[in-house]
Structure formats: C-alpha cells, structure tokens
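Next come the chains, spelled out residue by residue.
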Amino acid sequence: MTLFLALIIIAIVLGIIGATADGLLFLLIIGIVLFVADLVYITLRMRRSAHRRPVR
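A brief look at the structure comes next. (Residues numbered from 1 in each chain as written. Predicted model: local features only at pLDDT ≥ 70, side-chain atom pairs only at ≥ 80, totals over all residues. Heavy atoms only, no water.)

1. Thoughts on the environment of A11
Part 1 of the argument: Along the chain, the position of A11 falls in helix 1 (residues 2-20).
Part 2 of the argument: A residue is classified by how much of its surface remains accessible, and A11, at 5% relative accessible area, is buried.
Part 3 of the argument: Once residues within four sequence positions are removed from consideration, A11 is found in contact with G31, L34 and F35. (Helix = DSSP H or I, 4+ residues; strand = E, 2+ residues; numbered from the N terminus. Buried < 20%, exposed > 50% of the residue type's maximum accessible area, 1.4 Å probe, protein only. Contact = heavy atoms within 4.5 Å.)

Structural data, given as structure tokens:
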C-alpha cells in the first residue's frame, strides 16, 4: 500500500509541474501514464487478493 500511495503522490506532483511550467508538458503526460499504471496495479492486486480464500 505504501508503494501505491507513493506513486500516486509522484504522479500528482509531476502532473502539477507539467501543467503549470512552460515547456514541461511531457511531465504532465508522464504523470498521467504513471497514475493510470498505478490504478491498474492496485486493481490487479485487489482482484488477486479477493480470489484467495482463508485457510481454516
């Protein structure tokens, strides 16, 4: 979960810098790609943990 939160924060910071700084649009694109990749990562992780049944 720490990795997920760190990647979300990095994506937001890159997006803000890319949107506000002149000539750094590539940072905005990298931030968006990182955000989407992070959402895919957490979705797959939650789906994988939901399929596991507790052992009794």
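2. As for a nonpolar patch on the surface
Part 1 of the argument: Taken together, the side chains of I32, F35, V36, L39, V40 and L44 define a hydrophobic patch exposed on the protein surface, amounting to about 500 Å² of accessible area.
Part 2 of the argument: In this structure, V40 sits in helix 2 (residues 25-51).
Part 3 of the argument: The class of V40 is partly exposed, set by a relative accessible area of 44%. (Patch = residues over 30% accessible without salt bridge, like charges linked within 9 Å, V, L, I, M, F, W, Y side chains within 5 Å. Areas by Shrake-Rupley, 256 points an atom, 1.4 Å probe, with all protein chains shown as cover. Salt bridge = Lys/Arg side-chain N within 4 Å of Asp/Glu carboxyl O.)

Coordinates in, geometry out; function isn't part of it.
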